[in-house]
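Analysis of the macromolecular model
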Amino acid sequence: RVYVVDTAKDPRAPALHKVVQAEDIAEKTGLGFPHTSHCLATGDIMISCLGDKEGNAAGNGFLLLDSEFNVKGRWEKPGHSPLFGYDFWYQPRHKTMISSSWGAPAAFRTGFDLQHVQDGLYGRHLHVYDWPGGELKQTLDLGSTGLLPLEVRFLHDPSKDTGYVGCALTSNMVRFFKTADGSWSHEVAISIKPLKVRNWMLPEMPGLITDFVISLDDRYLYLVNWLHGDIRQYNIEDPAKPVLAGQVFVGGLLQKGSDVVYVTDDDTEEQYAVPQVKGHRLR
């Protein structure tokens, strides 16, 4: 479902304005599992969907709601749906939208299984679309360094033709950019090394980059390593060469008191201290 909340009539008492039912979305578009929403300049709302109503990745695409939140249809042209769905971002001055690819809802809604990655139920591609036309122009295969590409962000400067996608399983931040011939390419810009651990499901633990943001002046990128528990700040004034500028541990599986420990090069077991704020330990 899509829930529309009215925050205008009384900002101190938000009220439910409308619910777009899953059955209505499925009947009119074949889509299911809505994920990322953006408000377009046309007044429409565009939402990426992760699959069809049964959870098959092959049925995913982009839902359009009109300004009254009625189901309008699909954004992409027929036959131009991505392999998998997740996040998307567009840069109108370059007439381009780029979407990322998580996995089939039928796989991830039952819990993550590493075998499903090998079975091809998770993504490793970026999809480059003509904006606003909805024609799939190019598919970038990120390969083994780009498994589970999730959040995708262009730089805020609308004249720039570069951005990043966080690849969760391989814990790489991949930069995408426009080439001289007008096509798009990619490279690994940041790589988070896995840590050797004990008392966990695997002998090594990836950082598992989940979300990231770019500062409004395009100077810094902030990413979170969901499993390790640290938030990192990178200087991206040269987008191709990010430089680590700050790091703070706020949670994760390797904090003091956890059963899981990481093992240093000299075989010492370590854990990270999580700070307190006004006497309260961060959780």
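Residues numbered from 1 in each chain as written. Predicted model: local features only at pLDDT ≥ 70, side-chain atom pairs only at ≥ 80, totals over all residues. Heavy atoms only, no water.

The protein is annotated in an unreviewed UniProt entry as Selenium-binding protein from Agropyron mongolicum. The heading Sequence similarities (unreviewed entry) in the UniProt record of the protein holds the text "Belongs to the selenium-binding protein family." (UniProt positions renumbered as here; feature names shortened; annotations may be inferred.)

This part covers the nonpolar core. Counting 23 residues, the largest nonpolar core has Val117, Tyr122, Leu148, Val197, Met205 and Leu254 as the members making the most contacts within it. Ignoring anything within four residues of it in the chain, the contact list for tyrosine 122 reads Phe84, Trp102, Gly103, Ala107, Phe108, Phe112, Asp113, His116, Val117 and Leu148. (Core = buried A, V, L, I, M, F, W, Y, C linked by side-chain atoms within 4.5 Å. Buried < 20%, exposed > 50% of the residue type's maximum accessible area, 1.4 Å probe, protein only. Contact = heavy atoms within 4.5 Å.)

Before going further, it helps to examine the pairing of strand S10 (residues 136-141). The pairing of strand S9 (residues 125-130) with S10 spans five bridges and is classified as antiparallel. Within the sheet, the bridge partner assigned to tyrosine 129 lies in S10 and is leucine 136. Connecting the antiparallel pair S9 and S10 is a turn made up of five residues, with glycine 134 showing a positive phi of about 85 degrees. (Pairing = 2+ DSSP bridges. Helix = DSSP H or I, 4+ residues; strand = E, 2+ residues; numbered from the N terminus.)

Our focus in this paragraph is the layout of surface pockets. Empty space among the atoms becomes visible once a probe the size of a water molecule is rolled across them. Taken as a whole, the largest pocket holds about 660 Å³ of empty space. Phe112, Leu148, Leu169, Leu208 and Leu227 are, among the 25 residues lining the largest pocket, the residues nearest its centre. Classifying every residue of the lining of the largest pocket by side-chain character gives 19 nonpolar, four polar and two charged. (1 Å grid on protein atoms, 1.4 Å probe; cavity = no way out; pocket = protein on both sides within 12 Å on 5 of 7 lines; lining within 4 Å. Points joined across faces, edges and corners; volume = space filled by probe spheres on them. Nonpolar A, V, L, I, M, F, W, Y, C, P; charged D, E, K, R; others polar.)

This paragraph deals with the sheet that holds strand S6 (residues 71-74). Read from one edge to the other, the open sheet built from four strands follows the order S3-S4-S5-S6, with strand pairing classed as antiparallel. Each edge of the open sheet is held by one strand with a lone partner, namely strand S3 (32-39) and S6. Adjacent strand axes in the sheet meet at a mean angle of 30 degrees when their direction is disregarded. With five bridges joining them, S3 and strand S4 (residues 45-51) adopt antiparallel strand pairing. Considered in S4, the bridge of proline 34 is made with cysteine 49. Each of strand S5 (61-65) and S6 touches helix H1 (residues 22-29); the most contacted strand, S6, lies at about 45 degrees to it. (Axes fitted to C-alpha atoms, helices over the stretch in contact; angles between N-to-C directions.)

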